[in-house]
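Structural overview
For reference, the chains in residue letters:
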Amino acid sequence: MSGEKAEVGTTGLRRGAIGLREVLFQSITAMAPAAAVAASIPSGAAFAGGSLPLSVLIALVACLFTASCVAELARELPAAGSVSTYVAQGLHPAIGFLVGWGYVFVEALVPPLLLLQLGFTTAGTLHQEWSSYPADLWWPWALAGAAIIGVSGYLGVRASARFGTVLGVFEVLVLLVFAIWLIGKAGGDNTLSVFGTSHTAEGYAGVSGVFAGSVYTVLAFAGFEAAAPLAEETRDPRRTMHRAVLGSALAIGLFYVLTTYAISVYYGPDRFQEFGASGAASWEGVARASFGLFWVLVFLAVVNSAIANANACATVSTRTAFALARIRVLPRFLAILHPKYRSPVAGIAVQTAVAVGAVLGLGFAYDPVTAFLLLATVIVTVVIGVYIVVNLACAGYFLRRRREELKPVRHLVLPLLGIVAFVPALLTAAGLPVFDFVSELSAPVSYAGSVVGAWMAIGVVVLLVLMRRHPGRIAETARVHLDDDPSPTGLPQNGAVQR
């Protein structure tokens, strides 16, 4: 360590501010369960058809491989740097820096992604109900969402986490009640055959259709790791982080299975390949046609999900940026904390500016839906790549640093299976036509690869400069600050972070 000191505010992050409930819903809301059920998961129906519940079940098992690895590392290395720290410890600090560089970038893009969805979903629904409302007047809703998220983050982790918990409970309950209602209405049409391969879409018979559907539904699980950056603000972080990461992936995975089963048997598994994210053959369409005003609750759950997801990922991006800024591999001002709320106020200001700039810039340069697809492709490509590297880091950490605690299945086999599960998802997200069900991306969505490549190239340049001038800072990406905190309460002394 270089021995330098850097003031990051009058105190550190608020230690012990939240517990299992809040961090559990941090991961749950980051997965955007209502939005995933209504929009992401139905994309797999074009391949799996009425067998989509089996695809979701397979995706759940696949995601639990990686969730298990993240949970193991979160228990061993409770740090705001999360995935950056894990990779620095398990592989190399330079790789950890690059993972953190990419992760901060895409997590900062998730709020504008969701604010775009909030805007065009709300405007489209209002136009459908009242034709006098302009369908293209989407941006006020996006800006209102940005303001809500900014205030929530400013008031500190306790306020933002509790806000996310309330939103998460609402969206899950609405879809859960609706799913149970659909199962009851399906009556004698309930069948376990949807967990077989007999209802796949035309042209994708049997296992191939189920596999294709699972690749698309895997993407709905992204975000289960979002609890990890809150480790330094959580009570009993080693135990709590492990339970939150693994518990959120399992709980929401089962929620996805139940809801997908319900809509498949109600709508009809043999015609489910036509099901999608909008129109009559969608969750909102079914609610409008069959359950009267209940569709309003479904609509509100999706809108709620967008806000909750944006709130959770804003927390992730600002905490990860704080962790990298306090060791001075990102600009130092990103580590400035509010004296009362102990929130990274400078990071929140930058996050809000990025969100508003991306929403208005991309939304008006193209249109909000196209801008949404472009950002989604950038985000998913990097996040899936991060998952693959974290799986490697799990194996590396226990082989290199905790050999006495190494469990071959948990620390070697599961990481390998996690990599195998996510490689097809990575290729699909990037639009690389390795499989026949993957479509090449068209402009401007195809620009996503260039955006990611340019950002990571800048990261490599920054890394080389830092390694030459300040190698100790790169080494500190592996540091777990809780381990060397001298204060009994877990608060840094004199507001300084040792370098």
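So, how was this worked out
By convention here, each chain's residues receive numbers from 1 onward along its written sequence. Two thresholds apply to this predicted model, a pLDDT of at least 70 for residue-level local features and 80 or more for giving and counting side-chain atom pairs, whereas whole-chain, interface and lining totals are computed over all residues. No hydrogens and no water enter the side-chain calculation; it runs on all heavy atoms of the structure. Helical segments are the DSSP runs of H or I of at least four residues, strand segments are the runs of E of at least two, and each set is numbered from the N terminus. With C-alpha atoms as the basis for the radius of gyration, the globule rule is written as 2.2 Å multiplied by the number of residues raised to the power 0.38. Exposure categories follow from relative accessible area, calculated using a 1.4 Å probe and restricted to protein chains: below 20% of the type maximum is buried, above 50% is exposed, and the middle band is partly exposed. Contact definition: two residues touch when any of their heavy atoms are within 4.5 Å. Only the protein chains shown count as cover for residues, and the accessible areas themselves come from Shrake-Rupley with a 1.4 Å probe. Charged residues are defined here as Lys and Arg on the positive side and Asp and Glu on the negative side; His and the ends of the chain fall outside this count. All charge positions are set by atom: Lys at NZ, Arg at CZ, Asp at CG, Glu at CD. UniProt positions are given in the numbering used here, feature names are shortened, and annotations may be inferred rather than shown by experiment. Residues form patches when they are more than 30% accessible in relative terms and have no salt bridge. Like charges link within 9 Å. Nonpolar side chains (Val, Leu, Ile, Met, Phe, Trp, Tyr) link within 5 Å. Salt-bridge detection follows one rule: a side-chain nitrogen of Lys or Arg within 4 Å of a carboxyl oxygen of Asp or Glu. As used in this structure description, the phrase polar contact means that two N or O atoms lie within 3.5 Å; if the pair is within protein, one of them must be able to donate a hydrogen and the other to accept it, and residues adjacent in sequence are counted only when both atoms belong to side chains. Here, nonpolar core means buried Ala, Val, Leu, Ile, Met, Phe, Trp, Tyr and Cys residues that are tied together by side-chain atoms lying within 4.5 Å of each other. Note on aromatic pairs: the rings of Phe, Tyr and Trp (six-membered ring only in Trp) are paired at centre separations within 6.5 Å, and the planes decide the class, stacked below 30 degrees, edge-to-face beyond 60, tilted for the rest. Counting as a charge over the ring demands two things of the Lys NZ or Arg CZ atom: a distance within 6 Å of the ring centre and an angle within 35 degrees of the ring normal. Confidence scores labelled pLDDT are given residue by residue by the predictor and lie between 0 and 100. All axes here are fitted lines through C-alpha atoms, helices being fitted over the stretch that makes contact, and every angle between N-to-C directions spans 0 to 180 degrees. When an angle is under 35 degrees it counts as roughly parallel; over 145 it counts as roughly antiparallel; between 65 and 115 it counts as roughly perpendicular; any other value is oblique. Whether a crossing is left-handed or right-handed is set by the direction in which the near helix is turned from the far one by less than a right angle, anticlockwise for left-handed and clockwise for right-handed. Note on residue classes: Ala, Val, Leu, Ile, Met, Phe, Trp, Tyr, Cys and Pro are nonpolar, Asp, Glu, Lys and Arg are charged, and everything else, Gly too, is polar. Expected helix span is computed as 1.5 Å times (number of residues minus one). To be clear, the arc concerns the directions from the helix axis to the C-beta atoms.

1. Section: the overall build of the protein
- A tally of regular secondary structure across the protein gives 17 helices and 2 strands.
- In terms of overall dimensions, the protein is globule-like: its C-alpha atoms have a radius of gyration of 22 Å, near the 23 Å expected for 499 residues.
- On the principal axes, the C-alpha backbone points of the protein span a range of 70 × 55 × 40 Å.
- The 499 residues of the protein split such that 59% are buried.
- Of all intrachain contacts in the protein linking residues separated by at least 6 positions in sequence, the fraction that spans at least 24 positions is 81%.
- As displayed, the protein offers around 18700 Å² of accessible surface, 66% of which is attributable to carbon and sulfur atoms.
- Charge-centre separation for the protein: the mean point of 31 positive side chains lies 13 Å from the mean point of 27 negative side chains.

2. Some points on the UniProt feature "domain: Amino acid permease/ SLC12A" (unreviewed entry) in the protein
- When the UniProt feature table is mapped to this numbering, "domain: Amino acid permease/ SLC12A" (unreviewed entry) covers residues 23–466.
- Across residues 23–466 one finds 71% helix and 0% strand; the C-alpha atoms that close the span lie 33 Å apart.

3. A look at helix α5 (residues 83–90)
- Taking burial as the measure, the 8 residues of α5 include 8 buried ones, the bulk of the element.
- Listed in full, the buried residues belonging to α5 are Val-83, Ser-84, Thr-85, Tyr-86, Val-87, Ala-88, Gln-89 and Gly-90.

4. Examining a nonpolar patch on the surface
- There is a patch of nonpolar side chains on the surface, built from Leu-399, Val-409, Leu-412, Val-413 and Leu-417 and spanning about 360 Å² of accessible area.
- Top element by residues in the nonpolar patch is helix α15 (residues 408–429). It accounts for 4 residues.

5. With respect to the environment of Ser-82
- Its location among the elements puts Ser-82 in the loop between α4 (52–76) and α5.
- Placed 318 residues apart in sequence, Ser-82 and Arg-400 show a C-alpha to C-alpha distance of 19 Å.

6. Thoughts on the side chain of Thr-234
- Assignment of secondary structure puts Thr-234 in the loop between α9 (207–218) and α10 (237–267).
- By relative accessible area, which is 4% here, Thr-234 ends up buried.
- Side-chain polar atoms of Thr-234 contact the backbone oxygen of Leu-230, separated by 2.7 Å.
- Every residue in contact with Thr-234, bar those within four places of it in the chain, is listed here: Gly-16, Ile-18, Val-23, Thr-240 and Met-241.

7. Side note on the nonpolar core
- Membership of the largest hydrophobic core comes to 122 residues, with the highest contact counts inside it found for Tyr-256 and Phe-275.
- Setting aside residues up to four positions removed in sequence, Tyr-256 forms contacts with Met-31, Ala-32, Pro-33, Ala-36, Val-37, Ile-41, Val-56, Ala-220 and Phe-221.

8. A closer look at the environment of Leu-73
- Tracing the chain through its elements places Leu-73 in helix α4.
- According to the relative accessible area criterion, Leu-73 is buried, its value standing at 0%.
- For the pair Leu-73 and Asn-391, spaced 318 residues apart in sequence, the C-alpha to C-alpha distance is 9.8 Å.
- Setting aside residues up to four positions removed in sequence, Leu-73 forms contacts with Tyr-86, Val-390, Ala-393, Cys-394 and Tyr-397.

9. So, the packing of aromatic side chains
- As enumerated under the stated definition, the model contains 24 aromatic pairs in all.
- An angle of 55 degrees between the planes, with centres 5.2 Å apart, marks the rings of Tyr-387 and Phe-422 as tilted. Here Tyr-387, found in helix α14 (residues 368–400), pairs with Phe-422, found in helix α15; they are 35 residues apart in sequence, far enough to count as distant.
- Exposure remark for Phe-422: the relative accessible area of 2% places this residue in the buried category.
- Among the aromatic residues, ring-to-ring pairing joins Phe-178, Trp-181, Tyr-266, Trp-283, Phe-291 and Phe-294 into one connected group.
- In this arrangement the basic side chain of Arg-271 is found over the ring face of Tyr-267, its NZ or CZ atom lying 4.0 Å from the centre.
- In this arrangement the basic side chain of Arg-288 is found over the ring face of Trp-295, its NZ or CZ atom lying 3.7 Å from the centre.

10. Side note on the pattern of salt bridges
- Under the defined criterion, the tally for this structure stands at 12 salt bridges.
- Arg-75 serves as the salt-bridge partner of Glu-72, at 2.7 Å between the closest nitrogen and oxygen. Residue Glu-72 and its partner Arg-75 are located together in helix α4, separated by 3 residues, close to a single helical turn.
- On the basis of relative accessibility, which here comes to 29%, the residue Arg-75 falls in the partly exposed class.

11. Quick word on the confidence of the model for the protein
- For the protein, mean pLDDT is 89; residues scoring 70 or higher make up 94% of the total.
- pLDDT under 50 marks residues 1–11. Its contacts with residues more than four places away, or in other chains, come to 37 contacts.
- Predicted confidence for residues 486–499 stays below pLDDT 50, and this span has 44 contacts to residues more than four positions away or in other chains.

12. Quick look at the packing of helix α6 (residues 93–129) against helix α13 (residues 345–365)
- For the pair α6 and α13, interaxial distance at closest approach is 8 Å and the crossing angle is 50 degrees. The angle between α6 and α13 falls in the class oblique. Our pair here, α6 against α13, has a crossing hand that is right-handed. Contacts from Glu-107, Ala-108, Leu-109, Pro-111, Pro-112, Leu-115 and Leu-116 of α6 reach α13 at Gln-351, Val-354, Ala-355, Ala-358, Val-359 and Gly-363.
- Grouping the amino acids of the contact of α6 with α13 by side-chain chemistry returns 10 nonpolar, 2 polar and 1 charged.

13. Considerations on the side chain of Gln-117
- The residue Gln-117 is located in helix α6 in this model.
- The contacts of Gln-117, once residues within four sequence positions are left out, are Ala-35, Val-302, Ala-306 and Phe-372.

14. As for helix α16 (residues 448–469)
- With 22 residues, α16 should reach 32 Å at 1.5 Å per residue; the first-to-last C-alpha distance of 32 Å fits that figure.
- Among the residues making up α16, those that are buried are Ala-448, Val-452, Gly-459, Leu-463 and Leu-466. Down the axis of α16, the buried side of the element spans an arc of 70 degrees, and every buried residue falls inside it. Exposed side chains of α16 directed beyond 90 degrees from the buried face belong to Ser-450, Val-461, Leu-464, Arg-468 and Arg-469.
- Along its buried surface, α16 packs onto α6, α14 and α17 (471–475).

15. Observations concerning the environment of Ala-179
- With respect to the helices and strands, Ala-179 occurs in helix α8 (residues 157–186).
- According to the relative accessible area criterion, Ala-179 is buried, its value standing at 0%.
- With 150 residues separating them along the chain, Ala-179 and Thr-29 place their C-alpha atoms 19 Å apart.

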